[in-house]
Amino acid sequence: MLFSSSTHQESSSKIVFQSQLETSYLWRTSSSEERIDRLVKIRNWIKEHQQDIRHALKLDFGKPEPETDLSEILPVTAEINHSIKNLKKWMTPKSVPTPLPMLGTSGKIHVEPKGRSLIISPWNYPFNLSIGPLISALSAGCTAIIKPSEMTPNTSELISKMVSELFRTNEVAVILGEVETSKALLELPFDHIFFTGSPAVGKIVMKAASEHLTSVTLELGGKSPAVVSEDANTKDAAEKLVWGKYVNCGQTCIAPDYLLVHDSQSDSLLMEMKVAIQKMYDPEFKGIEQSPDMARIVNERHFNRLVNLIEDAVNKGAKISFGGKSNPHTQFIEPTILTHVTEEMLVTQEEIFGPIFPIFSYDKLEKAIAYINSKPKPLALYYFGKNDEQSEVIKQTSSGNVVINDCVLHYLHTELPFGGVNTSGIGKAHGYFGFLEFSNQRGVLKQRVGLNNVTLLRPPYGIKAKQIIASLIKWF
Ligand code: NAD
């Protein structure tokens, strides 16, 4: 569905939103089978249109087909399969133990769909980050309006086509448009908003949601550090870091943003990283620009922003240890490694979100930890090393997720919560955790009729009631 003028958009958004009210009531009582049918429809559509998805991503920012399969299609189909397998269990009310003062009652946790949801998604994994949350919304029994990114028009159009072929607009709808469209949608009293994007826009979303006290999931970004310790295997770490950084041309929310390497390992790591880049992106020495496996920067604005990050760093004393070249005609930027980086440089101040890897070295782990803790809490933290520093790093820092001896990989783990903390996000996505974000966990307490424990605690408060209350305070 595509809306044109902004006033038309506004009223159309409202109409679609209102039309989903009745469905949201109907879906409240939907069975796991009915919800699974909706997921299966999406899975089948993806299977039949895999080539269309690859093509759209190629047009939007030259995304290599294997990367589309791996990072746009696989996470979504894995999410669908995981939900299908577990949905019945997730939906079943869970009994809880009865505390002594509640003797004679029974307690259960029911999960009910929150109702009408809004999904606002970014451009960097445009298919995955629109449809992934939709799987959670549908699993939970919610209706959804999706507002995909305007920066990847081909993929957004394709998402709109998919949704209009599979659902009526009073069930799931896609509303295409720019920031104004998003703003108009944010004025509506949704029951849940699932936003993926920058921390700056996350604040706008949260502010708008507070008008209606709508709950939010904010999947945001930031600067995720990677630490390579004294006893890390530098070849292994380099290969993993190079892939994690340069997949999607660095335009990944959980890409390692910067690297902290132990002094004793920095030369070896740097050398191994160069070897790994060459091996992955230029095995025949034709130049990395010729590689079919390197995506492009999404648009001119981001291209200029990234080139400026390199120039600013170099002007302030950074050294380009690898790469540094760019081509404005193709929006290509070479995988770039910067050393001699300082705090004054823009590259250490803002989320890089591109193929630039600044490297700092450290002599003592405490200093690396102190540096990480001096910054806002990151979305992910990566530690490479065999030793017991692992648990120190986990205990002494905070981040959305931690990966030991790898990076980025946790995104594909359907059993782990995925998300940030404070500036890197609020709430969790994926599997059961995504299902819960779109659900209200409702405590249901059943009391028996007539005489029960609590009857003894009613006024007038005689000596017996006072004794019981005193013992409750003492023992519970
Ligand atoms: P963005 O915040 O600029 O845009 C995201 C969405 O918000 C888009 O659909 C856009 O139209 C809308 N939007 C933009 N400005 C708005 C405004 N003023 N009011 C209302 N809506 C507005 O983010 P982006 O550039 O598309 O994506 C990059 C950011 O997303 C990075 O910070 C990255 O780290 C983050 N990200 C996070 C995750 C995650 O899972 N945590 C995943 C991908 C990207």
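Everything quoted here is computed from the prediction, not taken from an experiment.

Our next topic: unusual backbone geometry. Cis geometry is found at the peptide bond from P459 to P460, where omega equals -5 degrees. Along the chain, the position of P460 falls in the loop between β18 (439-446) and α15 (463-475). Its identity is not glycine, yet F353 carries a phi of approximately 55 degrees, on the positive side. Its location among the elements puts F353 in the loop between β13 (336-339) and β14 (356-362). The exposure class assigned to F353 is buried, which follows from its relative accessible area of 16%. A positive phi angle, near 85 degrees, is found at H430, a position not held by glycine. Mapped onto the secondary structure, H430 falls in the loop between β17 (425-426) and α14 (431-437). Here H430 falls in the buried class, since its relative accessible area comes to 9%.

Glancing now at the sheet that holds strand β16 (residues 401-404). Pairing is mixed across the open sheet formed by 7 strands, whose spatial order is β10-β13-β14-β9-β8-β15-β16. The outermost strands of the open sheet, each flanked by one partner alone, are β10 (319-322) and β16. Averaged over all adjacent pairs, the angle separating strand axes in this sheet is 25 degrees, with direction ignored. Running over the sheet, helix α12 (residues 365-373) touches β8 (224-228), β9 (256-262), β14 and β15 (380-384) and is turned about 160 degrees from β9.

Ordered by their spatial adjacency, 3 strands build an open sheet running β1-β2-β18, and the pairing between neighbours is antiparallel. Each having just a single partner strand, β1 (94-96) and β18 make up the two edges of the open sheet. Each adjacent strand pair in this sheet contributes to an overall mean axis angle of 30 degrees, direction not counted.

Below, the discussion takes up a nonpolar patch on the surface. A cluster of nonpolar residues, L70, L74, W243 and L412, forms a patch on the protein surface that exposes about 310 Å² of accessible area. Mapped onto the secondary structure, L70 falls in helix α4 (residues 65-91). Judged by its relative accessible area of 37%, L70 falls in the partly exposed class.

You can see T339 is positioned in strand β13. Given the relative accessible area of 14%, T339 is considered buried. Here the side chain of T339 touches H340 through a polar contact of 3.1 Å, side chain to side chain. Beyond its immediate sequence surroundings of up to four residues, T339 is in contact with L270, A318, K319, S321 and I359.

Taking 1.5 Å per residue as the helical rise, helix α10 (residues 266-281) with its 16 residues ought to reach 22 Å, and the 22 Å between its terminal C-alpha atoms agrees with that figure. Taken as a whole, α10 has its buried residues at S266, L269, L270, E272, M273, A276, I277, Q278 and Y281.

On to the packing of helix α3 (residues 50-61) against helix α6 (residues 153-166). At their nearest, the axes of α3 and α6 sit 7 Å apart, and the two run at 150 degrees to each other. Taken together, the axis directions place α3 and α6 in an arrangement best described as roughly antiparallel. Contact residues: D52, I53, A56, L57, L59 and D60 in α3; P153, N154, T155 and L158 in α6. The residue makeup of the contact of α3 with α6, split by class, is 6 nonpolar, 2 polar and 2 charged.

Before going further, it helps to spend a moment on helix α2 (residues 32-48). Because each turn of an α-helix spans 3.6 residues, side chains separated by three or four positions in sequence point in the same direction. If you check α2, its first and last C-alpha atoms are 24 Å apart, about what 17 residues at 1.5 Å a residue would give, namely 24 Å. Those residues of α2 lying buried are S32, R35, I36, R38, L39, I42, W45 and I46.

Looking at the assigned domains, one finds that the chain contains domain 1 (9-220 + 427-440) and domain 2 (225-419). Placing a centre on the C-alpha atoms of domain 1 and another on those of domain 2 gives a separation of 30 Å. Listed per partner, the contact involves 26 residues of domain 1 and 27 residues of domain 2. When domain 1 packs against domain 2, the two sides together hide about 2,300 Å² of surface, and 58% of this comes from carbon and sulfur. Across the domain 1-domain 2 interface, the total number found is 0 salt bridges. The tally of links from domain 1 across to domain 2 stands at 9 residue pairs in polar contact (both at pLDDT 80 or more). Only α3, α4, α5 (128-140) and α14 provide two or more residues apiece to the side of domain 1 that touches domain 2. If one sorts the elements of the side of domain 1 that touches domain 2 by residue count, α4 sits on top with 6 residues. In terms of residue class, the side of domain 1 that touches domain 2 is made up of 13 nonpolar, 8 polar and 5 charged.

Analysis parameters
Residues numbered from 1 in each chain as written. Predicted model: local features only at pLDDT ≥ 70, side-chain atom pairs only at ≥ 80, totals over all residues. Heavy atoms only, no water. Helix = DSSP H or I, 4+ residues; strand = E, 2+ residues; numbered from the N terminus. Buried < 20%, exposed > 50% of the residue type's maximum accessible area, 1.4 Å probe, protein only. Pairing = 2+ DSSP bridges. Axes fitted to C-alpha atoms, helices over the stretch in contact; angles between N-to-C directions. Contact = heavy atoms within 4.5 Å. Patch = residues over 30% accessible without salt bridge, like charges linked within 9 Å, V, L, I, M, F, W, Y side chains within 5 Å. Areas by Shrake-Rupley, 256 points an atom, 1.4 Å probe, with all protein chains shown as cover. Salt bridge = Lys/Arg side-chain N within 4 Å of Asp/Glu carboxyl O. Polar contact = N/O pair within 3.5 Å; in protein donor to acceptor, adjacent residues only side chain to side chain. Expected span 1.5 Å × (residues − 1). Parallel < 35°, antiparallel > 145°, perpendicular 65-115°, else oblique. Nonpolar A, V, L, I, M, F, W, Y, C, P; charged D, E, K, R; others polar. Domains from an automatic or database assignment. Buried area = accessible area lost by both parts, 1.4 Å probe.

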